[in-house]
Amino acid sequence: QVQLVESGGGLVEAGGSMRLSCAASGNTFMINAFGWYRQGPGKQREVVAVISSGSTNIPDSVKGRFSPSRDNAKNTVYLQMYRLKPEETAVYYCHALVYESDKLIDYWGQGTQVTVSS
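So, a few notes on the structure that sits alongside this text. (Residues numbered from 1 in each chain as written. Predicted model: local features only at pLDDT ≥ 70, side-chain atom pairs only at ≥ 80, totals over all residues. Heavy atoms only, no water.)

## Re unusual backbone geometry
Part 1: Phi at asparagine 75 is positive, roughly 50 degrees, even though this residue is not glycine.
Part 2: Position of asparagine 75 relative to the elements: it lies in the loop between strand E7 (66-71) and strand E8 (76-81).
Part 3: Taking relative accessible area as the criterion, asparagine 75 reaches 31% and is therefore assigned partly exposed.
Part 4: Of note in the backbone geometry, arginine 83 takes a positive phi value of approximately 45 degrees without being a glycine.
Part 5: Here arginine 83 is to be found in the loop between E8 and strand E9 (90-100). (Helix = DSSP H or I, 4+ residues; strand = E, 2+ residues; numbered from the N terminus. Buried < 20%, exposed > 50% of the residue type's maximum accessible area, 1.4 Å probe, protein only.)

## With respect to the pairing of E7
Part 1: Bridging between E7 and E8 involves six bridges; their strand directions are antiparallel. Residue pairing across strands places arginine 70 opposite valine 77, the latter belonging to E8.
Part 2: If you look at the hairpin formed by E7 and E8, you'll find four residues sitting between the two strands, and asparagine 75 has a positive phi there, around 50 degrees. (Pairing = 2+ DSSP bridges.)

Nothing here speaks to function; it is geometry throughout.
Okay, structure coming up:
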């Protein structure tokens, strides 16, 4: 199993920056990919970054403003966010895709609230 713990959320003004962290523990060697997702009020959960071996994928909506990274030595992934917008207020979740029992299993962190004030 894998445990994910996010940190770094809070309140920021529009146009500001924030960095989220996600610390993984447990069977981290079985993690195929990490992802960052968010879910705003009344909205569906959406992906904002995926980090897999040697590559990252970022949707156009945040490209150029969001930058994911990974520190393998610390089993931690980060999401650096710049020029945040009020509509990006959401709970941000860390995700790991883990190879376990011959299957790919989804693991989620508890989420961290990011509030962008206008």
